[in-house]
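A structural walkthrough
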Amino acid sequence: MQIGKTSKNKMAFWCWEIDILLAFATMPPKKSNKSAPVRLKDGLVLHRWILSLFGLDDLASLTKDLKDSKLEWWNEKWNSRYLGTLIDRFYQSDEIPEILLRKYDENIFRHTETISSKRHEKLRWKYFQYLSLLFTEIYLDRYFANKEKLLQDLNTYLTKLQDEEGGAFKDIPPFTLEELSKVAFWSATGSGKTFIMHMNVLQYQHYLEEYEKYDSLNRIIILTPNEWLSRQHEKELKDSWFWWELFDKRASSTSRKGFIDIIDIHKLEDKAGDKTVA
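The following paragraphs examine the structure supplied in this document. Going along each chain's sequence as written, the residues are numbered from 1 onward. Where local features are concerned, this predicted model is filtered to residues with pLDDT of at least 70; where side-chain atom pairs are given and counted, the filter is 80 or more; whole-chain, interface and lining totals use all residues. Excluded from the side-chain calculations are hydrogens and water; all other atoms, namely the structure's heavy atoms, are used.

Here the focus is the packing of aromatic side chains. Any pair of Phe, Tyr and Trp rings, taking the six-membered ring for Trp, is counted once the centres come within 6.5 Å. Such a pair is stacked with planes under 30 degrees apart, edge-to-face with planes over 60 apart, and tilted for the rest. If you walk through the whole model with that rule in mind, you get eight aromatic pairs. Judged by centre distance (5.3 Å) and plane angle (80 degrees), the ring pair of Tyr 127 and Phe 128 falls under edge-to-face. Judged by relative accessible area, Phe 128 falls into the partly exposed class, the value being 23%. Ring geometry for Phe 144 versus Tyr 204: centroids 5.7 Å apart, planes at 45 degrees, classification tilted. With Phe 144 in helix H5 (residues 127-145) and Tyr 204 in helix H7 (residues 193-210), the pair connects residues that are 60 residues apart, well separated along the chain. Across this residue pair, the class does not change: Phe 144 and Tyr 204 are buried. An aromatic cluster is built from Tyr 139, Tyr 143, Phe 144 and Tyr 204, whose rings are joined through pairwise contacts. For each residue, the accessible area found with a 1.4 Å probe, counting protein chains only, is set against the maximum for its type, and the residue is called buried under 20%, exposed over 50%, and partly exposed in between. Numbered from the N terminus, helices here are DSSP runs of H or I no shorter than four residues, and strands are runs of E no shorter than two.

What follows is the structure in structure tokens.
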């Protein structure tokens, strides 16, 4: 599934059915047949960089105190119980101080309320889902606040990985501003990617408004592998209180501002036709 928007400040999100990780990396070039294959998990620069903001090198170190199912609930102040655990461990972090963690957690709560409002019960996030949402908050906040600074930080960290670890990182070229508009989630089947995607829409819209860039939003598109899944997404979006429509090539982008268009990939062609769009 892909969710994205097309405009001069375009941003795109992808959900892949593999494992749980926030991924952002330029894939290294293919090796010769004599070399060992490069594993994707060994080249996730954004994933490693976000962990470094917590002073950590691996995801296991971050999740070790977050797996208790009791933490999936919200407290009486409508903060997640994950927040208290993270503050206890990382409140001295210069990169992500307590006030920022609280801001991100409050955003996650507010968006969760939105997509839960028509459901029988409020959604509860597993620890890996919550971290996916937290990582997205961190990235989008820095992306919209100062893209150039984010680019510099990522490339500085990439150089550090290349110098200290080598491996797959050696073959990754410096990032460019254009590449910062693409973010991928590497997620297992059944891990709640659809709900994470709905939250990503709200997170993205929130930061567009916070940094006064909402007028740059053209349209949001969910690209599906077939029409059956398009219909399934219709139902899920309705339950999450979104404005949605199956893609109509005759509608203007201005009339659809704020809507989510759903289109299956078979309706995309090199040349537009009666039932396809270029």
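Here the focus is helix H8 (residues 227-239). Each helix should span, by expectation, one fewer than its residue count multiplied by 1.5 Å. Taking 1.5 Å of rise per residue, 13 residues should cover 18 Å, and H8 covers 19 Å from first to last C-alpha, within 8% of that figure. Three or more residues of H8 are buried, namely Ser 230, His 233, Glu 234, Glu 236 and Leu 237. Here, residues are in contact when the closest pair of their heavy atoms is within 4.5 Å. If you follow the buried residues of H8, they end up packed against H7, strand S5 (220-224), strand S6 (244-246) and strand S7 (260-264). Between the side-chain oxygen at the start of H8 and the backbone nitrogen of Trp 228 there is a gap of 3.2 Å, and the oxygen is on Asn 226. Under this definition, polar contacts are N or O atom pairs within 3.5 Å; protein pairs additionally need one hydrogen-donor-capable and one acceptor-capable atom, and for neighbouring residues in sequence, both atoms have to be side-chain atoms.

Within the secondary structure, Leu 180 sits in the loop between helix H6 (147-164) and strand S4 (182-187). Between the alpha carbons of Leu 180 and Leu 154 there is a distance of 9.7 Å; along the sequence they are 26 residues apart.

Turning next to the pairing of S7. In terms of burial, S7 is largely enclosed, as five of its five residues are buried. Side chains of S7 alternate between two faces, with Ile 260, Ile 262 and Asp 264 and Asp 261 and Ile 263 buried alike. Pairing of S5 with S7 involves five bridges; the strand directions are parallel. Bridging from a neighbouring strand, Ile 220 pairs with Ile 260 of S7. Paired strands, as defined in this entry, are two strands with at least two bridges between them according to DSSP. Of the pairings in the sheet, the one linking S6 to S7 comprises three bridges and is parallel in character. By the bridge assignment, Trp 244 is partnered in S7 with Ile 260.

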